[in-house]
Amino acid sequence: MAMGRREAMKLGLVGAAAVPAGSAFARAEAPRALIVSTWDFGAAANAAAYAQWKKSGSLLDAVEAGAWVPEADAENHSVGLGGYPDRDGHVTLDAIIMDDRGNVGAVAALEDILHPISVARRVMEKTPHTFLVGEGARQFALDQGFSQTRLLTPEAEAAWREWLKTAKYKPVANIENQRGSALDHDTIGIVACDATGRLAGACTTSGMAFKLRGRLGDSPQAGCGLMVEPDVGAATATGVGEEVTRIAGSARVVSSMRAGMHPMAACREAVLHIAKLRGDAVKDAQVAFLAIDRHGRVGAYALQPGFTYAVTDLGGATRVVAAESLLKPVKN
């Protein structure tokens, strides 16, 4: 049930487009950003993306290179190698890559291929399509010369077998615990804008742990997990994908920027809309948006505390920032 006005006022949802006085973008602007990505592990992704950008000058190359880092990290259980499987024990990967010329490629439910972001780029560059899924995506990858890789690591398999003892499933992700640290991470989204205003983005994930086989979240869907629009900006999403998909979240953020909103206000508006629309259904769920506009200004906002993002400027300096959130940490 959607929230009434009284409940919305309690959460500060009235006047959603208003800019909170203490927010980051209401203060002095930081140096122009080049690359931003979700979560603290985005710092390593940004470093790889920046190095590639310096080498080739291509933002598309950069975001692809950045996505490779978490995809190959077996310790990251929500992206690529080492990702937690679905309830049947299959690790399935989703990814999307976009530029600001209307080019987009995506894959979903891809198995046995280490770097789905690169398969997505091949879909974009080598086919007349924008999206391949399942066995068709896998066969395309093999035809393109990608090698098969066992993605289910011993650690992820052990976690899955432990989960099977109860087989309880609830799509809740990234809620901050009472000690102030995030319980887990998920999708990495990377968006970039150079000094000339050119834009690109990528998003890659293994999806919700122990999901129903065949489940598809927001991440590989253009306008949901990622959106890039020329002369406007780019946005990406993280958290419970079903909630992002309900409002075409990243497209909504970009649309707000097109209408003149600062990226921070645009991200906040999308979170507030979900909160008002879904009410108690999202009280235990995390949803967050991250955006960059054509001026290199950055915005991020989350439903729950605990969301962080990495920002790399044109000089290569990187910082990890804790995003503002609608709900506040639980106090002991």
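Fair warning: this is a prediction, and the values are worked out from it, not measured in the lab.

Conventions and cut-offs
- Residues numbered from 1 in each chain as written.
- Predicted model: local features only at pLDDT ≥ 70, side-chain atom pairs only at ≥ 80, totals over all residues.
- Heavy atoms only, no water.
- Helix = DSSP H or I, 4+ residues; strand = E, 2+ residues; numbered from the N terminus.
- Buried < 20%, exposed > 50% of the residue type's maximum accessible area, 1.4 Å probe, protein only.
- Pairing = 2+ DSSP bridges.
- Phe/Tyr/Trp six-rings, centres within 6.5 Å; stacked < 30°, edge-to-face > 60°.
- Axes fitted to C-alpha atoms, helices over the stretch in contact; angles between N-to-C directions.
- Parallel < 35°, antiparallel > 145°, perpendicular 65-115°, else oblique.
- Contact = heavy atoms within 4.5 Å.
- pLDDT = per-residue confidence, 0-100.
- Core = buried A, V, L, I, M, F, W, Y, C linked by side-chain atoms within 4.5 Å.
- Polar contact = N/O pair within 3.5 Å; in protein donor to acceptor, adjacent residues only side chain to side chain.

> Could you clarify how one ought to interpret the overall build of the protein in this entry?
Secondary structure assignment for the protein yields nine helices and 13 strands. In the protein, which comprises 332 residues, the proportion classed as buried is 55%.

> Is there a simple way to explain the pairing of strand E5 (residues 188-193) in this structure?
Successive side chains on a regular strand alternate, one facing one side of the sheet and the next facing the other. Most of E5 sits inside the fold, with six of its six residues counted as buried. Both strand E1 (residues 33-38) and E5 contribute to a ladder of three bridges, which runs antiparallel. Note that in E5 the partner of Ile-35 across the bridge is Ala-192. Examined bridge by bridge, E5 and strand E6 (residues 199-205) share six bridges and lie antiparallel to one another. Within the sheet, the bridge partner assigned to Ala-192 lies in E6 and is Ala-200. The turn joining E5 and E6, which pair antiparallel and follow one another in sequence, is formed by five residues; a positive phi near 95° is taken by Gly-197.

> Help me out: how do you make sense of the packing of aromatic side chains in this one?
Aromatic rings in a pair are described by how distant their centres are and how their planes are angled relative to each other. On inspection of all chains with the given rule, the structure shows five aromatic pairs. Here the aromatic rings of Trp-39 and Phe-307 are separated by 5.1 Å at their centres, their planes lie at 90°, and the arrangement is edge-to-face. A residue pair is termed long-range when its members are at least 10 positions apart, and Trp-39 in the loop between E1 and helix H2 (42-56) and Phe-307 in the loop between strand E10 (298-302) and strand E11 (308-313) qualify at 268 residues. Using a relative accessible area of 0% as the deciding quantity, one classes Trp-39 as buried.

> Explain the packing of helix H3 (residues 59-71) against helix H4 (residues 116-126) to me, please; I cannot follow it from the model alone.
Two numbers describe a pair of packed helices, the interaxial angle and the distance between the axes. Running from amino to carboxyl end, H3 crosses H4 at an angle of 150°, the nearest separation of the two axes being 8 Å. It follows that H3 is roughly antiparallel to H4 by the angle criterion. Residue-level contacts link Leu-60, Asp-61, Glu-64, Ala-67, Trp-68 and Glu-71 of H3 to Pro-116, Ile-117, Ser-118, Arg-121, Met-124 and Glu-125 of H4.

> Teacher, can you tell me more about the confidence of the model for the protein here?
Low-pLDDT stretches of the model should not have their predicted coordinates read in fine detail. On average, the protein scores 88 in pLDDT, and the residues at 70 or more come to 85%. Below a pLDDT of 50 lies the segment residues 1-28, which in the model reaches 44 contacts outside its immediate sequence neighbourhood of four places, other chains included. For the stretch residues 172-184, pLDDT sits under 50, and the model shows 30 contacts to residues farther than four places along the chain or on other chains.

> Explanation requested: the nonpolar core in the structure shown.
Across soluble globular proteins, nonpolar side chains have a tendency to be buried as a group. Among the nonpolar cores identified, the biggest contains 59 residues, and Ile-292 and Tyr-309 are the most heavily contacted of them. With sequence-adjacent residues up to four places away left out, Tyr-309 is seen in contact with Ser-37, Thr-38, Trp-39, Met-264, Leu-290, Val-298, Ala-300, Arg-319, Val-320, Val-321, Ala-322 and Ala-323. With 26 residues, the next largest nonpolar core counts Val-232, Ile-247, Ala-266 and Ala-275 among its residues.

> Where do I start with the sheet that holds E10 in this structure?
Through backbone hydrogen bonds, the strands of a sheet pair up, either in parallel or in antiparallel fashion. As summarised here, the arrangement of the five strands in space is E7-E8-E9-E10-E13, forming an open sheet in which the pairing is mixed. At either end of the open sheet lies a strand with only one pairing partner, and these are strand E7 (226-229) and strand E13 (324-325). Bridge count between E10 and E13: two bridges; the pairing is parallel. Residue pairing in the sheet places Tyr-301 in a bridge with Glu-324 of E13. Contacts from helix H8 (residues 249-258) reach E7, strand E8 (233-239) and strand E9 (287-293) within the one sheet, and its direction differs from that of E8 by about 145°. Seen against the sheet, helix H9 (residues 263-278) touches E9 and E10 and runs at an angle of roughly 20° to E10.

> Please explain the pairing of strand E12 (residues 318-322) as it appears in this structure.
Pairing of E11 with E12, which is carried by five bridges, proceeds in the antiparallel orientation. Among the inter-strand pairings, Thr-308 is bridged to a residue of E12, identified as Ala-322. Connecting E11 to the next strand, E12, in antiparallel fashion are four residues, including Gly-316 with a positive phi near 95°.

> For this particular structure, what's the right way to read the environment of Ile-190?
As for its placement among the helices and strands, Ile-190 is situated in strand E5. Judged by relative accessible area, which is 1%, Ile-190 ranks as buried. Linking Ile-190 and Ile-292, residues 102 residues apart in sequence, is a C-alpha distance of 10.0 Å. Setting aside chain neighbours within four positions, we find Ile-190 in contact with Ile-35, Val-36, Ser-37, Ala-45, Val-63, Gly-66, Ala-67, Ala-200, Gly-201, Ala-202 and Leu-226.

> What am I meant to see in the environment of Lys-328 here?
Turning to its location among the elements, Lys-328 is positioned in the segment after E13. Residues Lys-328 and Pro-305, spaced 23 residues apart in sequence, show a C-alpha to C-alpha distance of 6.1 Å. Within the structure, the side chain of Lys-328 is placed 3.1 Å from the backbone oxygen of Ser-325, a separation counted as a polar contact.

> Would you take a moment to explain unusual backbone geometry for this structure?
Of note, Trp-39 is a non-glycine position whose phi angle comes to about 75°, a positive value. Located in the positive-phi region is Ala-109, a residue other than glycine, with phi close to 55°. With respect to the element layout, Ala-109 can be found in strand E3 (residues 104-110). On the basis of relative accessible area, Ala-109 is assigned to the partly exposed category, the value being 31%.

> Where do I start with the sheet that holds E1 in this structure?
With mixed pairing, the eight strands of this open sheet are ordered in space as E4-E3-E2-E6-E5-E1-E11-E12. Lying at the two open borders of the sheet, with one neighbouring strand each, are strand E4 (131-133) and E12. Pairs of neighbouring strands in the sheet enclose a mean axial angle of 10°, with direction left out of account. Across six bridges, strand E2 (residues 93-99) lies against E6 in antiparallel orientation. When the sheet's bridge partners are listed, Ile-97 is paired in E6 with Ala-202.

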